[in-house]
Amino acid sequence: DELQKRLAKLKEMLAEAAPAREERANKVATCGATVEALKAKLQSMEKASKEAVAAMKEANGKSKAAAKALKAFGPEIKATGKALKDAKDCLEDFTTGAMTSFTELL
C-alpha cells in the first residue's frame, strides 16, 4: 500500500513537471534551430570574407600596376613636351625666317 502511495505521488510529480519539461524541450529545439541558422550564416560570412580578401588582393595588384605605369608615363610626358617645344621653336624659326622672306618676295 505504501508503495502504491509513493508510486502515485511520483506519477503526480511527473505529471506536474510535464509542462515545464515540455517548455524546456521546446526551448532546446528553438535554440538548436537558432544554432543551425547561425552556423549557416557564419559559413556564408566566411565565404564572403574570403572573396573580399581575394578581391582586395586583386585590386592591390592592379593598383600597383597602375602606379608603375603612371611612374613610367612621367618620362614619356617630358619627352613629348620637349618634342613639342622643339617643334614650336622650329615653326617659329620658319615663320620668322624663311616664311618672312617668301612673303616679302610676293
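Read on for an overview of the structure. (Residues numbered from 1 in each chain as written. Predicted model: local features only at pLDDT ≥ 70, side-chain atom pairs only at ≥ 80, totals over all residues. Heavy atoms only, no water.)

A word on the environment of Ala-72
Right, on to step 1. Relative to the elements of secondary structure, Ala-72 occurs in helix H1 (residues 2-96).
Right, on to step 2. Remark: the alpha-carbon pair of Ala-72 and Asp-89, spanning 17 residues in sequence, is separated by 27 Å. (Helix = DSSP H or I, 4+ residues; strand = E, 2+ residues; numbered from the N terminus.)

Focus on the packing of H1 against helix H2 (residues 98-105)
Right, on to step 1. Running from N to C, H1 and H2 cross one another at 25°; their axes reach a closest spacing of 3 Å. Regarding the angle of H1 to H2, the classification is roughly parallel. Mapping the contact onto sequence places Asp-93, Phe-94, Thr-95 and Thr-96 in H1 and Ala-98, Met-99 and Thr-100 in H2.
Right, on to step 2. Across the contact of H1 with H2, the residue classes tally to three nonpolar, three polar and one charged. (Axes fitted to C-alpha atoms, helices over the stretch in contact; angles between N-to-C directions. Parallel < 35°, antiparallel > 145°, perpendicular 65-115°, else oblique. Contact = heavy atoms within 4.5 Å. Nonpolar A, V, L, I, M, F, W, Y, C, P; charged D, E, K, R; others polar.)

Considering the pattern of salt bridges
Right, on to step 1. For the structure shown, the criterion picks out five salt bridges.
Right, on to step 2. Salt-bridge contacts for Glu-36 lead to Lys-39; the nearest nitrogen and oxygen are separated by 3.8 Å. In this pair, Glu-36 and Lys-39 both sit in helix H1, three residues apart, roughly one turn of the helix.
Right, on to step 3. Classification of Glu-36 as partly exposed rests on a relative accessible area of 48%.
Right, on to step 4. In this structure, Asp-89 engages Lys-85 in a salt bridge whose closest nitrogen and oxygen atoms are separated by 3.1 Å. Taken together, the residues Asp-89 and Lys-85, both in helix H1 and four residues apart, mark about one turn of the helix. (Salt bridge = Lys/Arg side-chain N within 4 Å of Asp/Glu carboxyl O. Buried < 20%, exposed > 50% of the residue type's maximum accessible area, 1.4 Å probe, protein only.)

Fair warning: the whole summary comes from geometry, so function is off the table for now.
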